[in-house]
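Architecture and fold: a report
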Amino acid sequence: MNIDFILDVLGTGLRMATPFILAGLGGLISLSAGDLNISLEGFMLIGAFFAILGSYLFESYVIGICFAILATMLYGLIFGLFTIKLKADVFVVGIALNLLASEATVFFSRLFFNVRGSFSDPRIVGIPNIHFDILEKVPMLNELFNDHSAFVYVSWIMIIVFWFLIYRTPYGFYFRAAGEHPEALETTGIRVNKIRWIANVICSVMCGLAGAHLSLGYLKLFVEDMTAGRGFIALSAVIFGGSNPLTMSFTSLLFGLAEGISLRIQNMGIPSQFTLMLPYLTTILALVFRAVKKNRKVSLLTSIAAVETEVKGEKL
Amino acid sequence: MKNSKRTINSLTSIVGVFIATMIFGAVIMVVIGKNPLQAYTAMFSYALGDMSAIANLMNRSMALILSALCYAVASNAGIYNLGGKGQIELGAIAAAVIGYKLVGLPIYIHIPLCILAAIVMGMIGAAVPGYLRVKWKVDEVISTIMLNSVFFMFTSYLANYPFRDVTRWSGTTPPVAESAKLPFLIQNIDLRSGIILGFVAAAVIYWIFNYTNQGYRWKMIGLNPRFAQYGGVNVAKDQMKAMIVSGLLSGLTGAVLVCGSNYRFWESIAGPYGWDGVLVAMLAKNNPVAIIAVSFVFSIFKNGALGMEQVAGVPSDLTGVLLAALILFITGREFVSIIFRKRKHIVLVDEKVKQ
């Protein structure tokens, strides 16, 4: 265990956490607005595919990112149409959209590129890495924070942006109100469905960015089902971290680290399945912990209420 | 009488949704410049053309029926088991390990042992989220989805390390013994006997749903848990029972996949069956008879895809897109029926006002 190894694992963890943070921020908004979008996975996959398509057609990563955002917004339109307009069950629509994304991207890659499995081409331009000259002289920070793909830094800025959006603008309040007390929000004259649509669009865009990062960030290729459960890890981070972008991002970071560690120890021949399990297990434990705490509170409240009525009864 | 009427009703609406999906598919084919008529003819002739094609269809349907029943039993009782995929994998690895570790047993002992091991593992896999739900109200939708990944990792570890077949690619267990293979129903057209298990399971669930006390309680809970509780039903206990039966069926699915068709375990052997089962059950509205019908239609789409590609040049992956779009059509269909019902109601009210 030398210092280089630790730095390497930490750096990989930072990189691995980026899609979780980006998609998680989107999922967080949609959760606080009341529709838990379980198809983050599908949205990311759509984003990843169309980023590659755009970059391939126009040889520009900017257009690739635009393609990803547009495609996921269109996909979000389907989600919104069914959940908000047609009032269908969020989970059913989520499952269907996950399946649709995994099948549709395969179908499109057959149609546009005439390949199955994976597609890469020299025409595809990836998102560049960013190099900070100032960091070069700092020994440890240089290895940790320098030369990541641009989206890694974008995701860190986004955390702050989302924190401001949620806690320092009225919209953050509207989102939470739309999720927790839609009737109360309606009485203040704000249309709940409008807020839900906005949340839906934000979620789609963030998932599009996460997908673009996956396909254009380091690899510059599209692989069938390349999200490989990352959407569900982002979902775990959202459920674990709640509606606070800071705790959500910290959780994402830990999950990214778990993935980074698994990658490294897999290369050393140690089974990595148990570290890969960690995000899911921690989510379940967090759910149980929260539920137990809530139950205790409820039973405490009922017992207090019981005592109070007893006291009142004696007085009478 | 009422039961059969309801079955017929749900079957006709399913046919409607499938026709809508096929029209949607035809539009896509026209857009990409292929002939839909030719493609659909090829699909049906490939999937239903001769006896061995039909046998192939049965083989694909057997796991689908079981996995759909697994979702149906739980959701009928108002508890959602989306963990079918993980539970199938748990069951499959149990069956595969018992199947290859024990040798020299007669077939009538070995196969029941494999199935028993599989259903026990499946039941454990479903009992965990079920217990968390009824004891602490932990949302089972999320916990079962998360457990899918946990069980996948766990079985992947088992298939890669302790029980790995070193002569084959990674993540595979050795083939099961001859005595752990389900016998063929008809050898020369490759019809496996697993389909019988699917039919029997569907019949048993149909009987439980419609002719037993337990089925009635489940239905009550599914429709309105509070009312059921008020009426003296132990909701927690009955939902737990539903979850365990659901896990049993997933385990059985795993056993059928290993002993009935693949004869070994590999990573993500459950493949599409877990989620497809959910879709089939949703389409069939948890009705076991409709589940059998929908499973066959699903399998026609999946098996016919290759024919569509070879004859009409339509990428076979289009069927996947269509089947995923199907579930969206169902939610749409329900919305349409709600609107019509409302309209009717309004018309009635108007007439009353006029009188």
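Basis of the calculations
- Residues numbered from 1 in each chain as written.
- Chains lettered and ligands numbered in written order.
- Predicted model: local features only at pLDDT ≥ 70, side-chain atom pairs only at ≥ 80, totals over all residues.
- Helix = DSSP H or I, 4+ residues; strand = E, 2+ residues; numbered from the N terminus.
- Rg over C-alpha atoms; globule rule 2.2 N^0.38 Å.
- Buried ≥ 20, exposed ≤ 12 C-beta atoms within 10 Å, placed from the backbone.
- Contact = placed C-beta atoms within 7 Å.
- Nonpolar A, V, L, I, M, F, W, Y, C, P; charged D, E, K, R; others polar.
- Expected span 1.5 Å × (residues − 1).
- Axes fitted to C-alpha atoms, helices over the stretch in contact; angles between N-to-C directions.
- Parallel < 35°, antiparallel > 145°, perpendicular 65-115°, else oblique.
- Left-handed = near helix turned anticlockwise from the far one by under 90°.
- Core = buried A, V, L, I, M, F, W, Y, C linked by C-beta atoms within 7 Å.
- pLDDT = per-residue confidence, 0-100.

1. A word on the overall build of chain B
Looking only at helices and strands, one finds 13 helices and 2 strands in chain B. A globule of 355 residues ought to have a C-alpha radius of gyration of about 20 Å, and chain B, at 22 Å, matches this closely. With the principal axes as the frame, chain B shows a C-alpha extent of 80 × 60 × 35 Å. Among the 355 residues that make up chain B, the fraction classed as buried is 52%.

2. Some words on the overall build of chain A
Along its length, chain A carries 12 helices and 2 strands. Order of helices (α) and strands (β) in chain A, N terminus to C terminus: α-α-α-α-β-α-α-α-α-α-β-α-α-α. Considering only C-alpha atoms, chain A reaches an extent of 85 × 50 × 40 Å along its principal axes. Within chain A, the proportion of its 316 residues that are buried is 48%. Within chain A, residue pairs in contact and separated by at least 24 positions form 74% of the contacts whose partners lie at least 6 positions apart.

3. Overview of the interface of chain B and chain A
Listed by partner, the interface residues are 35 residues for chain B and 35 residues for chain A. Listing elements by their share of the side of chain B that touches chain A, those giving two or more residues are α5 (107–136), α6 (140–160), α11 (273–283) and α13 (318–354) of chain B. Here the side of chain B that touches chain A gets 13 residues from one element, more than from any other, and that element is α6(B). Here the residues of the side of chain B that touches chain A are counted per class, giving 25 nonpolar, 7 polar and 3 charged.

4. A look at the environment of Phe164(A)
In this structure, Phe164(A) sits in helix α6 (residues 150–168). Owing to 12 C-beta atoms within 10 Å, Phe164(A) belongs among the exposed residues under this scheme.

5. A short note on helix α11 (residues 245–267) of chain A
Residue and element names in this part refer to chain A. Given a rise of 1.5 Å per residue, 23 residues ought to cover 33 Å, and the 33 Å separating the end C-alpha atoms of α11 matches this to within 8%. Inspection of α11 places Pro245, Met248, Ser249, Thr251, Ser252, Phe255, Gly256, Ala258, Glu259, Gly260, Ile261 and Ser262 among the buried residues, and these make up the whole buried set. Trailing α11 by a residue or two, Gly269 shows a phi angle of about 85°, which is positive.

6. Some points on the packing of helix α4 (residues 84–101) of chain B against α6(B)
All names here are of chain B. Orientation of α4 relative to α6, taken along the N-to-C sense of each, is 25°, at an axis distance of 8 Å. The orientation of α4 with respect to α6, classified from their angle, is roughly parallel. As α4 runs across α6, the sense of the crossing is left-handed. Within the contact between the two elements, α4 uses Lys85, Gly86, Gln87, Glu89, Leu90 and Ile93 and α6 uses Leu147, Asn148, Val150, Phe151, Phe152, Thr155, Leu158 and Ala159. Along the lines of polarity and charge, the residues of the contact of α4 with α6 split into 8 nonpolar, 4 polar and 2 charged.

7. Focus on the nonpolar core
Residues and elements named next belong to chain B. The biggest cluster of nonpolar side chains holds 211 residues, and the ones touching the most others in it are Leu69, Ala92, Ala95, Ala118, Leu252 and Ile291. It is helix α3 (residues 51–76) that contributes the most residues to this core, 14 residues altogether. Sequence-distant contacts of Ala92, defined by excluding residues within four places in its chain, comprise Ala118, Gly254, Leu257, Val258, Phe265, Ile269 and Ala270.

8. Focus on the packing of helix α1 (residues 3–32) of chain A against α11(A)
Geometrically, a packed helix pair is captured by the angle between its two axes and the distance between the axes. Residue and element names in this part refer to chain A. Two elements in contact, α1 and α11, have axes whose closest approach is 6 Å; the angle formed by their N-to-C orientations is 140°. Judged by the angle between their axes, α1 and α11 are oblique. Considering how the two elements wind past one another, α1 and α11 form a crossing that is right-handed.

9. Some points on the environment of Leu81(A)
Residue and element names in this part refer to chain A. Mapped onto the elements, Leu81 comes out in helix α3 (residues 61–85). For Leu81, a count of 15 C-beta atoms within 10 Å corresponds to the partly exposed category. Expressed as a C-alpha distance, the spacing of Leu81 and Trp197, which sit 116 residues apart in the sequence, is 9.3 Å.

10. Looking at the confidence of the model for chain B
Averaged over every residue, the pLDDT of chain B is 85; the share at 70 or more is 91%. The ipTM for the predicted assembly is 0.80, set against a pTM of 0.84.

11. Here's the deal with the confidence of the model for chain A
For chain A, per-residue confidence averages 84 on the pLDDT scale, and residues scoring 70 or more make up 94% of the total. The least confident element of chain A is helix α12 (residues 273–315) of chain A, whose mean pLDDT is 73; the most confident is helix α2 (residues 40–58) of chain A, at 92.

12. Concerning unusual backbone geometry
Even without being a glycine, Asp225(A) presents a positive backbone phi close to 50°. Looking at the element boundaries, Asp225(A) is found in the loop between β2 (222–223) and α10 (230–241). At Lys285(B), a residue that is not glycine, the phi angle is positive and equals roughly 50°. Using a count of 20 C-beta atoms within 10 Å as the deciding quantity, one classes Lys285(B) as buried.

13. Brief notes about the environment of Asp133(A)
Within the fold, Asp133(A) resides in the loop between β1 (118–119) and α5 (139–145). Considered as a pair, Asp133(A) and Asn146(A) are 13 residues apart in the sequence and their alpha carbons are 8.8 Å apart.

14. A closer look at α4(B)
Because an α-helix packs 3.6 residues into every turn, residues spaced three or four apart end up facing the same way. Over its 18 residues, α4(B) runs 26 Å from end to end, which matches the ideal 26 Å to within 8%, given 1.5 Å per residue. Across the 18 residues of α4(B), 17 count as buried, placing the element largely inside the fold.

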